[in-house]
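So you can see what is in the structure, the chains are spelled out below.
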Amino acid sequence: MDFTLSEAQQLIKQTVREFARKELAPIAAGLDREARFPQEIIEKMARLDLFALPYSEAYGGTGDGCLAYAIAVEEISRACASTGITYAAHCSIGTDPIYLFGTEAQKQRWVVPCARGEILAAFGLTEPEAGSDAGGTRTTAVLEGDRWVINGVKCFITNATRAGVAVITAVTEPGRGTAGISAFIVPTATPGFRVSPPYDKLGLRASDTAEIIMEDVRIPAENILGKPGEGFKQFMRVLDGGRISIGALSLGIAQACLDAALDYARERIQFGRPISKFQAIQFKLADMAMAVELSRLAVYKAAWLKDQGLPFTREASMAKLFASETAVRAALDAVQIFGGYGYMKEYPVERYLRDAKLMVIGEGTSEIQRLVIARELGC
Amino acid sequence: MKTFVCIKYVPDTSEAEVKVNAAGDGVDSSRFSFDINDADNYAVEESVLIKEARGGSVTVVSIGPKESEVMIRMALAKGCDDAIRIEDRRIAAHDPLLVAKVLAAAIRGGGEFDLVLTGCMAADDGQMATGVALAEELGVAHAAMVKKVEVLDGKVKAYRELEGGLMEVVEIKLPAVLTIQTGINEPRYAPIRGIREAQKKELRVAGLDDLGVDAGAVDAGASGIVLEKLYIPEVVSKAEVIEGEPEEKAAKLAAILVKGGLV
Ligand SMILES: Cc1cc2nc3c(=O)[nH]c(=O)nc-3n(C[C@H](O)[C@H](O)[C@H](O)COP(=O)(O)OP(=O)(O)OC[C@H]3O[C@@H](n4cnc5c(N)ncnc54)[C@H](O)[C@@H]3O)c2cc1C
């Protein structure tokens, strides 16, 4: 067993950390305040090849794999979780379905520009009536000649407004339940494809979340991913990978909480000494550091399993659950350690708290993760 | 242009508190991250900028432990072409004159060169001597504290930063050594593809014997400096509490300020 990152992974970590610290951290509070999507940062990330990390060289990637990518998500999110989710959603739920299930032509057409960061990708699964129960999709796709005609509404979709391409799930065989769901590659410029104004969110305010409304969206027949009826199975696999991303994102937020809380506790003097000298504060920091470290182990292990081509459903779910609950706990404790200052927008920890809360909701709530783990246990 | 860039692996004091090791002769590296010396990072960028503008190649030279290879690979990822890492326990690493001898041997071993860049100062021992001593060893001209470089044919124009914001412009014949000041450029981030390519670039490891350097000429015995002790000075804070009625206090305070030359 070897816990050392490869030289390339260490270099990637260092590069992304430096980039995030210098380019992103200084503007993160402003982005949140103005709910501004940092297009310029996305372009810089593209130039650093960050969107290429998980993909093989044949499809415009660098072939570094999931662990290197998870490390990048962690470091970006440590500075700005909004940018973290833009990045994570683009790669692991937007592009991955095409990378995993696309034909050679589909991959050349879509994965290559996504890996180069020339376009952003979105994944439209959730609907007003189908959230945790994503198999309850109402959106429909009907084959008319050489076109699929899609109608329906997707809600809470990350990158919806910015995306050049969206992977959308829809019912193709009504009455067959989850076996009647298929996934489609939908260019967002297709007539009939609209997005709502962006949601006004609690956190991740600099990320782009909107509703997708599809009215008679006609796409070529070959834009189906895999075969009709495979959509449900496909997105279960996509979400396995997505959970590693959300785990990595959570880890970045939790680490940021620890960094901020530790610095502050060492500097803040009350009763004549730094509050870091009080055992009550020390225990919070010790617990936080431990949970961050264990989250990292869990996330990296799940990513490593994926890179080895081994099963990782259970580990990804555990990593996501543990890291996301760690992020929320760490953010709450960080606010507590900052006291009244922590409640103020002048300090970053209230943002961490607002951002962290999505982690226990998105890509399967904590309740759903426990269901997945229990299912994996054979319950 | 054949350029060498010399870089040093130093403790990153921004991330953790510095502690001295048990022997008292070095920094405790167990809880510490090490990375490229700040000024050297700018030297790497400058060497790559020169290569991009004028063609040629850049070789990285560093004396350091195995762990420093990550730092060297980073320089390769940013565009340097190959590297030599020198590791030999016998080198008196605290003595810039001897370090310069070793670096010079590595550079001479690489054949002809046009330019050698170093950082102007190492963040750990702050001697500001290695680059200049290296020029002496190589028998070439140098410019120190360089804030801007213009490479011309057969010579280089170096803008040196002097005290009080003064700039001195010198023209030196190549080959030459320049010690680079921070802020001369904006060091790039290594693109991931560069990191990939860096894995394939040559990183040679050499000891004194490989370089043809007589150990007796560069070891502790050859050094005129003995590192006695490294320690963190105790922080002493002296506060004088002034007692008395407000007028008395004010008079005492004023007297202290006048005596201290503060008013
Ligand atoms: C900022 C943001 C970005 C998002 N991005 C995307 C995206 O890019 N693409 C996309 O498709 N979706 C996206 N989502 C949607 C997200 O995945 C869903 O919100 C999430 O899966 C939960 O679905 P829901 O909101 O409908 O909640 P519901 O499913 O209605 O759940 C409500 C509550 O009931 C609980 N619950 C539900 N079922 C069970 C059960 N069987 N047992 C126990 N408890 C249960 C849940 O855990 C939760 O606490 C995003 C959401 C947000 C907020």
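Everything here concerns the structure above.
Residues numbered from 1 in each chain as written. Chains lettered and ligands numbered in written order. Predicted model: local features only at pLDDT ≥ 70, side-chain atom pairs only at ≥ 80, totals over all residues. Heavy atoms only, no water.

Caption draft 1: Structural detail: the overall build of chain A. Along its length, chain A carries 10 helices and 10 strands. Taking 379 residues into account, the globule formula puts the C-alpha radius of gyration at 21 Å, and chain A, at 21 Å, falls close to it. Considering only C-alpha atoms, chain A reaches an extent of 80 × 45 × 45 Å along its principal axes. Excluding contacts between residues fewer than 6 apart, the proportion of contacts in chain A whose partners are at least 24 apart in sequence is 74%. Each charge class in chain A was averaged separately, 42 positive and 45 negative side chains, and the resulting centres sit 4 Å apart. (Helix = DSSP H or I, 4+ residues; strand = E, 2+ residues; numbered from the N terminus. Rg over C-alpha atoms; globule rule 2.2 N^0.38 Å. Contact = heavy atoms within 4.5 Å. Lys, Arg positive; Asp, Glu negative; His and termini not counted. Charge placed at Lys NZ, Arg CZ, Asp CG, Glu CD.)

Caption draft 2: Focus on the overall build of chain B. Helix and strand content of chain B: eight helices and 11 strands. With respect to the principal axes defined by its C-alpha atoms, chain B has extents near 75 × 45 × 40 Å. Looking at chain B as a whole, 42% of its 263 residues qualify as buried. Sequence-distant contacts, at least 24 apart, represent 70% of the contacts inside chain B between residues at least 6 apart. Carbon and sulfur atoms provide 51% of the accessible area of chain B, an area that totals close to 14,000 Å². The average position of the 31 basic charges and that of the 44 acidic charges among the side chains of chain B differ by 4 Å. (Buried < 20%, exposed > 50% of the residue type's maximum accessible area, 1.4 Å probe, protein only. Areas by Shrake-Rupley, 256 points an atom, 1.4 Å probe, with all protein chains shown as cover.)

Caption draft 3: Representation of the nonpolar core. A:Tyr87 and B:Leu178 are the most contacted members of the largest nonpolar core, which has 143 residues in total. For A:Tyr87, the contacting residues outside a window of four places in its chain are A:Met45, A:Leu50, A:Phe51, A:Leu53, A:Tyr69, A:Ala72, A:Val73 and A:Ile76. Judged by nonpolar contacts, the second largest core, of 30 residues, contains B:Ile86, B:Ala92, B:Val140 and B:Leu211. (Core = buried A, V, L, I, M, F, W, Y, C linked by side-chain atoms within 4.5 Å.)

Caption draft 4: Expanded view of the packing of aromatic side chains. Per the stated rule, a full pass over the model turns up 16 aromatic pairs over all chains. One aromatic cluster in this structure is built from A:Tyr264, A:Phe338, A:Tyr341 and A:Tyr347. Over the ring of B:Phe4 we find B:Lys2; its NZ or CZ atom is 4.8 Å from the centre of that ring. Its guanidinium or amino end placed over the ring of B:Tyr159, B:Lys148 lies 4.5 Å from that ring's centre, counting from NZ or CZ. (Phe/Tyr/Trp six-rings, centres within 6.5 Å; stacked < 30°, edge-to-face > 60°. Lys NZ or Arg CZ within 6 Å of the ring centre and 35° of its normal.)

Caption draft 5: Structural detail: the site of the ligand. All names here are of chain A. Near the ligand, the surroundings consist of 16 residues, among which Thr 126, Ser 132, Phe 156, Thr 365 and Glu 367 are the closest. Within the side chain of Thr 365, an N or O atom sits 2.6 Å from an oxygen atom of the ligand. In isolation the ligand offers 980 Å² of accessible surface; the protein chains occlude 64% of this area. Elements that contribute at least two residues to the shell around the ligand include exactly strand E3 (147-158) and helix H10 (366-377). With three residues, the top contributor of residues to the shell around the ligand is E3. (Near = heavy atom within 4 Å. Polar contact = N/O pair within 3.5 Å; in protein donor to acceptor, adjacent residues only side chain to side chain.)

Caption draft 6: How the structure looks around the interface of chain B and chain A. Taken together, the contact pairs 14 residues of chain B with 24 residues of chain A. Regarding the contact of chain B and chain A, the summed buried area is about 1,900 Å², with carbon and sulfur atoms giving 52% of it. Of all residues in chain B, B:Tyr189, B:Ile192 and B:Arg193 give up the largest surface area on contact with chain A, accounting jointly for 40% of the area buried on that side. Linking chain B with chain A are three salt bridges, by the criterion used here. For the side of chain B that touches chain A, the secondary-structure elements that each account for two or more residues are helix H2 (69-77) and helix H5 (192-198) of chain B. (Buried area = accessible area lost by both parts, 1.4 Å probe. Salt bridge = Lys/Arg side-chain N within 4 Å of Asp/Glu carboxyl O.)

Caption draft 7: Examining helix H3 (residues 96-109) of chain B more closely. Residues and elements named next belong to chain B. Compared with an ideal rise of 1.5 Å per residue, which puts 14 residues at 20 Å, H3 spans 20 Å between its outermost C-alpha atoms and is within 8% of the ideal. The buried count for H3 comes to 10 of 14 residues, which makes it a mostly enclosed element. Within the sequence span of H3, burial applies to Pro 96, Leu 98, Val 99, Ala 100, Val 102, Leu 103, Ala 104, Ala 105, Ala 106 and Ile 107. The N-capping residue of H3, defined by a side-chain oxygen 3.0 Å from the backbone nitrogen of Leu 97, is Asp 95. Of the residues trailing H3, Gly 111 is marked for its positive phi of about 90°. (Expected span 1.5 Å × (residues − 1).)

Caption draft 8: Focus on the pattern of salt bridges. Counting across every chain of the model gives 42 salt bridges over all chains. Note that B:Glu45 is salt-bridged to B:Arg188, the shortest N-O span being 2.9 Å. With B:Glu45 in helix H1 (residues 38-54) and B:Arg188 in the loop between strand E10 (176-180) and H5, this residue pair connects regions lying 143 residues apart in the sequence. Take B:Glu45: its relative accessible area is 4%, and that puts it in the buried class. The partly exposed category is assigned to B:Arg188, whose relative accessible area is 22%. The network of salt bridges with shared partners includes A:Arg17, A:Glu75, A:Arg78 and A:Asp259.

Caption draft 9: Here's a closer look at the sheet that holds strand E7 (residues 141-151) of chain B. All names here are of chain B. Strand order in the open sheet made by the nine strands is E9-E8-E7-E10-E6-E1-E4-E5-E11, with mixed pairing throughout. For this open sheet the edge positions go to strand E9 (167-173) and strand E11 (203-206), each flanked by a neighbour on one side alone. Strand after strand, the sheet turns through a mean of 35° between neighbouring axes, direction not considered. Across the face of the sheet, helix H4 (residues 130-138) comes into contact with strand E1 (2-6), strand E6 (115-119), E7 and E10 while running at roughly 175° to E10. (Pairing = 2+ DSSP bridges. Axes fitted to C-alpha atoms, helices over the stretch in contact; angles between N-to-C directions.)

Caption draft 10: Local environment of the environment of A:Ile181. Tracing the sequence through the fold places A:Ile181 in strand E5 (residues 181-187). Setting aside residues up to four positions removed in sequence, A:Ile181 forms contacts with A:Ala134, A:Gly135, A:Thr137, A:Thr169, A:Ala170, A:Val171, A:Thr172, A:Gly229, A:Glu230, A:Gly231 and A:Phe232.

Caption draft 11: Molecular detail of the pairing of strand E2 (residues 140-144) of chain A. Residue and element names in this part refer to chain A. When E2 meets E3, the two strands line up antiparallel, connected through five bridges. The residue of E3 that forms the bridge with Glu 144 is Arg 147. Linking two consecutive strands that pair antiparallel, namely E2 and E3, is a turn of two residues; a positive phi of about 65° is found at Gly 145 within it.

Caption draft 12: Highlighting a positive patch on the surface. A contiguous patch of positive charge on the surface is contributed by A:Arg266, A:Lys277, B:Lys19 and B:Arg31. By the element assignment, B:Arg31 lies in the loop between strand E2 (9-11) and strand E3 (34-36). (Patch = residues over 30% accessible without salt bridge, like charges linked within 9 Å, V, L, I, M, F, W, Y side chains within 5 Å.)

Caption draft 13: Expanded view of helix H3 (residues 65-79) of chain A. The terminal C-alpha atoms of H3(A), which comprises 15 residues, lie 22 Å apart, in line with the 21 Å expected from a rise of 1.5 Å per residue. Extensive coverage of H3(A) is indicated by the burial of 15 of its 15 residues.

Function-wise, these values are silent; they only describe arrangement.
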